[in-house]
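Structural features, examined
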Amino acid sequence: MCGIVGIVGHSPANQQIYDALTVLQHRGQDAAGIMTCHGGELFMRKKNGLVRDVFQQRHMLALKGTIGIGHVRYPTAGCDSSSEAQPFFVNSPYGICLAHNGNLTNAAELAEVLVREDLRHLNTSSDSEVLLNVFASELSRPGTPRVSAADIFTALTTVYRRARGGFAVVAMIVGHGLVGFRDPHGIRPLVIGRRELASGCEYMLASESVAIDQLGFTFLRDVAPGEAVFIDEHGRLYSQQCVPVSRHTPCIFEYVYFARPDSIIDRISVHKARLRMGDLLAEKIHRIWPDHDIDVVIPIPDTSRTAAVQVAQYLGIKYREGFVKNRYIGRTFIMPGQELRERSVRSKLNVIDLEFRGKNVLLIDDSIVRGTTSAQIIDLAREAGAQRVYFASAAPPVRYPNVYGIDMPAAAELVAAGRTEEEVAGLIGADRLIYQDLADLLRACQHHDADIQEFDDSCFSGRYVTGDITPSYLERLQHQRSDQAKARRRQMHRGMLKAIRAV
Ligand SMILES: O=P(O)(O)OC[C@H]1O[C@H](OP(=O)(O)OP(=O)(O)O)[C@H](O)[C@@H]1O
Ligand SMILES: NC(=O)CC[C@H](N)C(=O)O
Ligand SMILES: [Mg+2]
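In this text, all values refer to a predicted model and were calculated from it rather than measured experimentally.

**Details of the environment of Val-51**
Along the chain, the position of Val-51 falls in helix H2 (residues 51–54). Sequence-wise, Val-51 and Gly-28 are 23 residues apart; in three dimensions their C-alpha atoms are separated by 9.7 Å. Apart from the residues lying within four places of it in its own chain, the contact partners of Val-51 are Tyr-18, Leu-21, Thr-22, Gln-25, Ala-32 and Val-72.

Pasting the structure below:
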């Protein structure tokens, strides 16, 4: 789940894009990049690492111009090497750079056609590079020195026809302006902000509204599914619905875990959705376990806090912060490799013993995916002297891979896949485990103000809204992107580097 941002303004864009990327850092910790444009020249800095580590003063000074795009990456395709950090760039036509959040489900087929028929070169295994080349190929069709907003929308209409999956994109066309578009189901989020200055209007596109707020822009609206927007270099905004919306199904996992609570996605407040998740989870606990013996509710920081407060309040039980999180360690779920994730949970969270000693504790998390966090946390709670350790998840069991931009490619790595809730409880070591029901999660995320009737809830339901996910696709994905496969690839890469050095 990457974070993307684009700005067209009247003052230097570099610092603003940097600031927006730090606000979106929770969406990707692996790599960061910025590209800006000034007088027809492009400037780029991208590398593996957190935003604060990738950009030093000298890089910032070199990023000239009042228009630019930025990206923070959490890989879901290709590999995690710095060559796949974004934005990506192609010099023809016009010079286009692109930053992508999401995952194409037909990247392999597209790549083949791009090479064979569009005569394009692909330098990496990234699906985002594929998407950029499809756009570039379609945009080159008019064959004129400049293209209009209408030409850009025509090109994107064909991009929509060719590309499948989840995608929210910002792209910059040299000498033209900033483009943004969102997949036909609106799986991945994208919002527009505006700022009126004496010098004119400035625009910002971003993955989450929190970036718009923090940069002092005014939230204008979400980009609609299948819609494209174009902001020219003079700050004029054009938009067009490139494909009709048949089903608007935002990713429900944004509300469960990914997005910041202070963001509003598709007119649904993430914070309020999480509060309702807590309410409905508590209702269920009360319903199925009226004579519970829970002494205290303890959240697993950070994301579960909002729901946990509601559980405690509804059940009339004490709420206590029993785990202390090291604020300098990032989110573990989006770290690459199981070994690193396991090490990080332990070094990130520590217990305050007295909140556990002799008590029956109910630990709350927003979700259980691989079970990395829950299994270790339950051990910690026991070591701290808890008498009984119950566990509740504000989301239902994650049993199916995600193919739209969350790196859960292999069912075999999901602790609940093919297992009953009792079996999962046994595996993570809980005395009792309670999951949110899917119907309640859907209810928690719906809001009468928003028109959303359905969500992409594939990781819970196994229903894929794009309709192109077959068992053989999932098998291939597992084969290519399981932790084991990634480790094998890293090993091979290291071997190749060694061999090259030896030569
Ligand atoms: O079952 P798992 O595979 O461990 O995944 C689920 C856990 O990972 C996430 O936490 P993370 O530490 O990434 O971020 P947070 O601080 O926002 O909660 C999520 O909030 C759960 O705690
Ligand atoms: N998490 C994402 O949005 C990833 C974007 C893209 N698929 C990549 O791997 O770089
Ligand atoms: Mg967590």
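**A few points about the pattern of salt bridges**
Going through the model one piece at a time under the given rule, you end up with 30 salt bridges. Note that Asp-232 and Arg-236 form a salt bridge whose closest N and O atoms lie 2.8 Å from each other. By relative accessible area, which is 6% here, Asp-232 ends up buried. A single network of salt bridges, built from pairs that share partners, joins Arg-27, Arg-188, Glu-208 and Glu-254.

**A closer look at the UniProt feature "active site" (unreviewed entry) in the protein**
Here, the residues flagged by UniProt with the feature "active site" (unreviewed entry) are Cys-2. You can see Cys-2 is positioned in the segment before strand S1 (3–8). A relative accessible area of 5% means that Cys-2 is categorised as buried. Among all residues touching Cys-2, those that are not within four sequence positions of it are Arg-27, His-71, Val-72, Arg-73, Tyr-74, His-100, Asn-101 and Ser-207.

**Looking at the site of ligand 1**
Around ligand 1 sit 18 residues in total, of which Thr-303, Lys-348, Asp-365, Asp-366 and Thr-373 are the nearest. Here an oxygen atom of ligand 1 sits 3.1 Å away from a polar atom, N or O, in the main chain of Asp-302. Between ligand 1 and Thr-373 there is a distance of 2.5 Å, counted from an oxygen atom to a side-chain nitrogen or oxygen. Relative to its free-state accessible area of 500 Å², ligand 1 is covered by the protein chains to the extent of 97%. Residue classes in the shell around ligand 1 are distributed as 5 nonpolar, 6 polar and 7 charged.

**Comments concerning the packing of helix H5 (residues 127–139) against helix H6 (residues 149–162)**
Where H5 meets H6, the axes come as close as 8 Å, and the angle between the chain directions of the two elements is 135°. By the angle between their directions, the pair H5 and H6 is classed as oblique. Where H5 crosses over H6, the handedness of that crossing is right-handed. Mapping the contact onto sequence places Leu-131, Val-134, Phe-135, Ser-137, Glu-138 and Leu-139 in H5 and Asp-151, Ile-152, Ala-155, Leu-156, Thr-158, Val-159 and Arg-162 in H6. Looking at the contact of H5 with H6 residue by residue, the classes come out as 8 nonpolar, 2 polar and 3 charged.

**Brief notes about the site of ligand 2**
Near ligand 2 there are 15 residues, and of these Met-1, Cys-2, Arg-73, Gly-102 and Asp-127 occur at the shortest range. With respect to ligand 2, the side chain of Arg-73 contributes an N or O atom lying 2.5 Å from an oxygen atom. Contact between ligand 2 and Gln-86: an oxygen atom at 3.1 Å from a side-chain N or O atom of the residue. Notes on ligand 2: free accessible area 300 Å², of which the protein chains cover 100%.

**A closer look at the pairing of strand S6 (residues 96–104)**
A regular strand carries its side chains on alternate faces of the sheet. Taking burial as the measure, the 9 residues of S6 include 9 buried ones, the bulk of the element. As defined by bridge partners, strand S5 (residues 88–90) adjoins S6 across 3 bridges and the pair is classed as antiparallel. Looking across to S6, one finds that Phe-89 is bridged to Cys-97. Taken together, S5 and the strand that follows it, S6, pair antiparallel across an intervening segment of 5 residues, in which Tyr-94 is found at a positive phi of about 70°. Where S6 meets strand S7 (residues 165–173), 9 bridges bridge the pair, whose relative direction is antiparallel. The residue of S7 that forms the bridge with Leu-98 is Ala-171.

**Comments concerning the packing of helix H9 (residues 270–288) against helix H10 (residues 305–315)**
H10 packs onto H9 with a crossing angle of 40° between their chain directions and a minimal axis gap of 7 Å. Accordingly, the angle class assigned to the pair H9 and H10 is oblique. Taken as a pair, H9 and H10 cross one another with a handedness that is right-handed. Contact with H9, carried on its side by His-271, Arg-274, Leu-275, Gly-278, Asp-279, Leu-281, Ala-282, Glu-283, Ile-285 and His-286, involves Thr-306, Ala-307, Gln-310, Val-311, Tyr-314 and Leu-315 of H10 and no other residues of that element. Across the contact of H9 with H10, the residue classes tally to 8 nonpolar, 5 polar and 3 charged.

The rules behind the values
- Residues numbered from 1 in each chain as written.
- Chains lettered and ligands numbered in written order.
- Predicted model: local features only at pLDDT ≥ 70, side-chain atom pairs only at ≥ 80, totals over all residues.
- Heavy atoms only, no water.
- Helix = DSSP H or I, 4+ residues; strand = E, 2+ residues; numbered from the N terminus.
- Contact = heavy atoms within 4.5 Å.
- Salt bridge = Lys/Arg side-chain N within 4 Å of Asp/Glu carboxyl O.
- Buried < 20%, exposed > 50% of the residue type's maximum accessible area, 1.4 Å probe, protein only.
- UniProt positions renumbered as here; feature names shortened; annotations may be inferred.
- Near = heavy atom within 4 Å.
- Polar contact = N/O pair within 3.5 Å; in protein donor to acceptor, adjacent residues only side chain to side chain.
- Areas by Shrake-Rupley, 256 points an atom, 1.4 Å probe, with all protein chains shown as cover.
- Nonpolar A, V, L, I, M, F, W, Y, C, P; charged D, E, K, R; others polar.
- Axes fitted to C-alpha atoms, helices over the stretch in contact; angles between N-to-C directions.
- Parallel < 35°, antiparallel > 145°, perpendicular 65-115°, else oblique.
- Left-handed = near helix turned anticlockwise from the far one by under 90°.
- Pairing = 2+ DSSP bridges.

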